[in-house]
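Single-letter residue listing:
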Amino acid sequence: NKKKNKPSNFRDLISIFWVLPEMSHMFQGGAELRRNFLDLMISSINKSYKKTLSEYKKYKSERLQILKKNYVSKNEDWLDVIERKMSEKGIIICDARRVFLNELNKSFRKIDDQIPFLTLKLNGKIDLILETKTAIYAEEILFNTLKMNRTKDALTGRTNFSADKSDLLVFEKYSNKQANLFSTGEQKIIVISIIFAYLDMLEKKERKILFLLDDIFSYLDLRFINQIINKLRELELQTWVTDVRAD
């Protein structure tokens, strides 16, 4: 309507999910790569999640700056406020991850003899508490632990107990074998299995998503690539494919 829109307005209308080459090795690397993969999936269908994650990290950084400068005695009340905010946002993050994984675990189906059924879990203390306790109870645990850890965090220069630092654990459903124990080739198939389950979830969502498949031809079997592309076509999702090979 001839009105200038902010970039944030565009982000509210559409999301982007990309499959990158390093994702095929995420079970060999650190927990951050697996968390980023999970957070990217959640953010693409939950527009408030990314904002909550950003707010949590902002409060965490502000708290750590106060602790590093030994300003605790002058900022007791403000630290209480920050840690309460961190606890509130942290529980929202943990619960969003938990709800998403519960839905994703129900979306695995038989596609190919080589693609396994999987179970995905989180291993964080707060994640485990939320399995049996209320969000209010978990929030108080997080708040009290942050307060108790002020001296420790000040000395180490980092947040030793944080709601956003869970690791994503992936298991073959029937053998309960963890993904990092499979061969490199099998791990790539496990990533494909997760992506297929995620695509099935998208069928139930109304949110528009752009898919970017970055150089997937270099590390995935052509059969799996075709299955992914056919599924994206079936869902009528706009997809961009990049490839470094000339053929």
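Caption draft 1: Highlighting the packing of helix α2 (residues 31–45) against helix α4 (residues 76–105). At a minimum axis distance of 11 Å, the contact between α2 and α4 shows a crossing angle of 85°. With respect to α4, the axis of α2 lies roughly perpendicular. Each of R35, L38, D39, M41, I42 and I45 in α2 lies in contact with α4, whose residues at this interface are A96, R97, F100, L101 and L104. For the contact of α2 with α4, the residue count by class is eight nonpolar, no polar and three charged.

Caption draft 2: Here's a closer look at helix α9 (residues 222–235). End to end, α9 covers 20 Å across 14 residues, agreeing with the expected 20 Å (1.5 Å per residue, within 8%). Among the residues making up α9, those that are buried are F224, I225, I228, K231, L232 and L235. Down the axis, α9 shows its buried residues gathered within 130° of arc, on one side only. Within α9, the exposed residues directed more than 90 degrees away from the buried face are L222, R233 and E234. Positive phi shows up at E236, right after α9, with a value of about 60°.

Caption draft 3: Broad picture of the side chain of S43. Secondary-structure assignment places S43 in helix α2. Polar contacts involving the side chain of S43 include one to the main-chain carbonyl oxygen of D39, which spans 2.8 Å. Excluding anything up to four places from it in sequence, S43 contacts S15, Y49 and K50.

Caption draft 4: Quick peek at the pattern of salt bridges. The tally for this structure, following the rule as stated, stands at 13 salt bridges. Its salt-bridge partner being E55, residue K89 comes within 2.8 Å of it at the nearest N-O pair. Of the two residues, K89 is situated in helix α4 and E55 in helix α3 (residues 49–68); the sequence distance between them amounts to 34 residues. Across the pair R84 and E139 runs a salt bridge whose closest N-O atoms are separated by 3.2 Å. Placement of R84 in helix α4 and of E139 in helix α6 (residues 135–148) is noted, with a sequence separation of 55 residues between them.

Caption draft 5: Highlighting the environment of I209. Position of I209 relative to the elements: it lies in strand β4 (residues 208–214). The class for I209 is buried, based on a relative accessible area of 4%. Expressed as a C-alpha distance, the spacing of I209 and S44, which sit 165 residues apart in the sequence, is 6.9 Å.

Caption draft 6: Region of the structure containing the packing of aromatic side chains. Using the criterion set out here, one finds five aromatic pairs in the structure. Here the aromatic rings of F117 and Y174 are separated by 6.0 Å at their centres, their planes lie at 70°, and the arrangement is edge-to-face. A residue pair is termed long-range when its members are at least 10 positions apart, and F117 in the loop between α4 and β2 (118–122) and Y174 in the loop between β3 (168–172) and α8 (184–202) qualify at 57 residues. A relative accessible area of 62% places Y174 in the exposed class. Both rings, one in Y198 and one in F211, keep their centres 6.3 Å apart while their planes meet at 40°; by these two values the pair is tilted. Separated by 13 residues along the polypeptide, Y198 in helix α8 and F211 in strand β4 bring together distant segments of the chain. Residue class for F211 comes out buried when judged on its relative accessible area of 1%. Taken together, the ring pairs connect F17, F37, Y198 and F211 into an aromatic cluster.

Quick notes on the rules
- Residues numbered from 1 in each chain as written.
- Predicted model: local features only at pLDDT ≥ 70, side-chain atom pairs only at ≥ 80, totals over all residues.
- Heavy atoms only, no water.
- Axes fitted to C-alpha atoms, helices over the stretch in contact; angles between N-to-C directions.
- Helix = DSSP H or I, 4+ residues; strand = E, 2+ residues; numbered from the N terminus.
- Parallel < 35°, antiparallel > 145°, perpendicular 65-115°, else oblique.
- Contact = heavy atoms within 4.5 Å.
- Nonpolar A, V, L, I, M, F, W, Y, C, P; charged D, E, K, R; others polar.
- Expected span 1.5 Å × (residues − 1).
- Buried < 20%, exposed > 50% of the residue type's maximum accessible area, 1.4 Å probe, protein only.
- Arc of directions from axis to C-beta.
- Polar contact = N/O pair within 3.5 Å; in protein donor to acceptor, adjacent residues only side chain to side chain.
- Salt bridge = Lys/Arg side-chain N within 4 Å of Asp/Glu carboxyl O.
- Phe/Tyr/Trp six-rings, centres within 6.5 Å; stacked < 30°, edge-to-face > 60°.

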